[in-house]
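Report on the structure
Okay, here's what each chain looks like letter by letter:
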Amino acid sequence: MFRLATSYYFFLCCRAVTGFCIGGNYGTSIVYAAEMVPARKRSWNMFVLEMYWCLGSVYECVVAYFVMDLDGGWRIQILLTALPVFIMLILMHFMDESPRYLTIKGEKEKAMVVVRKICHDNEVEVPAGVLFCSDVRSGEYGEIWAAPYTEGKHHDLHTLHL
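Here's a quick rundown of the structure. Just so it is clear, the structure is predicted and the values come from calculations on it, not from any experiment.

This part takes up the packing of aromatic side chains. Scanning the model with the defined rule gives three aromatic pairs in all. Taking the centre distance of 5.9 Å and the plane angle of 70° together, the rings of Y8 and Y9 count as edge-to-face.

Here we take up the packing of helix α1 (residues 8–36) against helix α2 (residues 39–67). Their axes nearest at 10 Å, the elements α1 and α2 cross at an angle of 165°. Relative to α2, the element α1 lies roughly antiparallel. Remark: the crossing between α1 and α2 carries right-handed chirality. Contacts between α1 and α2 involve I22, Y26, S29, I30, A33 and A34 from the former and R42, M46, L49, E50 and W53 from the latter. A class-by-class count of the residues in the contact of α1 with α2 yields eight nonpolar, one polar and two charged.

Turning next to helix α3 (residues 73–91). Note: α-helices contain 3.6 residues per turn, so residues at a spacing of three or four share the same orientation. Taking 1.5 Å as the rise per residue, α3 with 19 residues should run 27 Å; its terminal C-alpha atoms sit 28 Å apart, in good agreement. At L83, α3 shows its largest bend, some 30°, and a proline, P84, comes one to four positions later. For α3, every residue scored as buried is listed here: G73, Q77 and I78. Tucked inside the fold, the buried residues of α3 contact α1 and α2.

Where a protein is soluble and globular, its nonpolar side chains tend to be buried together. Counting residues in each nonpolar core, the largest one holds six residues, listed as Y32, M36, L102, A111, V114 and I118. No other element matches the three residues that helix α5 (residues 108–122) contributes to this core. Residues contacting V114, with those up to four places away along its chain left out, are M36, D96, E97, P99 and L102.

Opposite charge on two side chains lets them pair, provided their charged atoms get close. By the definition in use, this model includes three salt bridges. Of the charged contacts, one joins D96 and K117 as a salt bridge, the two residues approaching to 2.8 Å between their closest N and O atoms. With D96 in the loop between α3 and α4 (99–104) and K117 in helix α5, the pair connects residues that are 21 residues apart, well separated along the chain. Take D96: its relative accessible area is 27%, and that puts it in the partly exposed class. Note that K105 and E107 form a salt bridge whose closest N and O atoms lie 3.4 Å from each other. The class of K105 is partly exposed, set by a relative accessible area of 45%. Owing to a relative accessible area of 21%, E107 belongs among the partly exposed residues under this scheme. Taken together, the salt bridges that share partners define one network made up of K105, E107 and K110.

Rules used throughout
Residues numbered from 1 in each chain as written. Predicted model: local features only at pLDDT ≥ 70, side-chain atom pairs only at ≥ 80, totals over all residues. Heavy atoms only, no water. Phe/Tyr/Trp six-rings, centres within 6.5 Å; stacked < 30°, edge-to-face > 60°. Axes fitted to C-alpha atoms, helices over the stretch in contact; angles between N-to-C directions. Helix = DSSP H or I, 4+ residues; strand = E, 2+ residues; numbered from the N terminus. Parallel < 35°, antiparallel > 145°, perpendicular 65-115°, else oblique. Left-handed = near helix turned anticlockwise from the far one by under 90°. Contact = heavy atoms within 4.5 Å. Nonpolar A, V, L, I, M, F, W, Y, C, P; charged D, E, K, R; others polar. Expected span 1.5 Å × (residues − 1). Bend = angle between axes of the 7 residues up to and from the residue. Buried < 20%, exposed > 50% of the residue type's maximum accessible area, 1.4 Å probe, protein only. Core = buried A, V, L, I, M, F, W, Y, C linked by side-chain atoms within 4.5 Å. Salt bridge = Lys/Arg side-chain N within 4 Å of Asp/Glu carboxyl O.

Take a look at the structure:
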């Protein structure tokens, strides 16, 4: 998109859209990774996810060093910068939907398949209970797992309970 920019203002608009998309993707990817990654690998995967920001900055500097002096170097840099985004867009099609999202959409069977996969990856049994979702139209999202209620302590919020 940037590579096709014919004016400075169009270029600025493209940058604004890109910034918006990156910001939205960042928050979503953190939540998705925390929900979908097995517990024993979660801290490592979150670390790697955060390292991509650092590696992306280094990649951008290296690309700029080698191409900015070429004729049309900024266009080449923009094109090379977009490559990881295109790779990510392709890989996103192989990712499972969130069980919460599937439950809200009413696709409980698909949600249970994902829950079973997460439990298998975590090497735990599927918890007793059923998936449910409060009425989405009323704005009440509630919990998606109906399990027996147990009282806990503040410390329980920071420990894994499956």
